[in-house]
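So you can see what is in the structure, the chains are spelled out below.
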Amino acid sequence: MTADDGSTPGVDPRELGEDSLLGELEHLHDTRHVTFRHGSDDALAAHDRRTRELEGEYLRRHPEREVDPARTRQGARHDT
């Protein structure tokens with residue numbers, strides 16, 4: 001896992017099992033706001049890089065992932 005200070009690159013996402021990949025993504029998303037608001041430039045750059053790596057791997061594995069219609073531009077325009 002990437003250290004909070006961005007000093008280590010983390011495990012190659014291709015080597016992560018599905019549960020580990022999802023856990024890494026959840027942790028990454030949980031820490032995004034704090035890193036964005038209070039992290040150093042290096043920490044933010046490392047967070048951005050790791051986000052691209054992990055999200056890219058998820059999308060590679062799940063190119064046909066389920067998309068919630070309410071989360072599209074057209075769906076967001078409809079009142080619920």
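The rules behind each value
- For every chain, the first residue of its written sequence is number 1, and the numbers climb from 1 along that sequence.
- For a predicted model such as this one, the threshold for reporting local features is a pLDDT of at least 70, and the threshold for listing and counting side-chain atom pairs is 80 or more; totals across whole chains, interfaces and linings nevertheless cover every residue.
- Each side-chain value is worked out from all heavy atoms of the structure, with water and hydrogens disregarded.
- The secondary structure listing takes helices from DSSP runs of H or I that are at least 4 residues long and strands from runs of E that are at least 2 residues long, numbered from the N terminus.
- Relative accessibility under 20% of the residue-type maximum defines a buried residue, over 50% an exposed one, and the middle range a partly exposed one, all with a 1.4 Å probe and only protein chains included.
- Contact definition: two residues touch when any of their heavy atoms are within 4.5 Å.
- Take the number of residues in a helix, subtract one, and multiply by 1.5 Å to get its expected span.
- Starting at the helix axis, one direction is taken to each C-beta atom, and the arc is that of these directions.
- For the purposes of this section, nonpolar cores are sets of buried Ala, Val, Leu, Ile, Met, Phe, Trp, Tyr and Cys residues that join through side-chain atoms within 4.5 Å.

(A) Structural view of the environment of arginine 65. Mapped onto the fold, arginine 65 is located in the loop between helix H2 (41-61) and helix H3 (73-76). Relative accessible area serves as the criterion here: at 43%, arginine 65 is assigned to the partly exposed category. If we skip the residues at most four places from it in the chain, arginine 65 touches Tyr58 and Leu59.

(B) Expanded view of H2. In a regular helix each residue adds 1.5 Å, so 21 residues correspond to 30 Å; H2 covers 30 Å between its end C-alpha atoms and thus fits that length. For H2, the full list of buried residues reads Ala43, Ala46, His47, Arg50, Thr51, Leu54 and Glu57. Buried residues of H2, viewed axially, fall in a sector of 145°; they line one side. Opposite its buried face, H2 presents the exposed residues Asp41, Arg52 and Arg60, each directed more than 90 degrees away. Residues of H2 that are buried sit in contact with helix H1 (18-38).

(C) Looking closely at the nonpolar core. Counting 5 residues, the largest nonpolar core is built from Leu16, Leu21, Leu25, Leu28 and Leu54. Looking at which element gives the most residues to this core, the answer is H1, with 3 residues. Leaving out residues up to four positions away in the same chain, leucine 21 has contacts with Leu16, Leu54, Glu57, Tyr58 and Arg61.

From the geometry alone we can't say anything about function, so treat these as descriptive.
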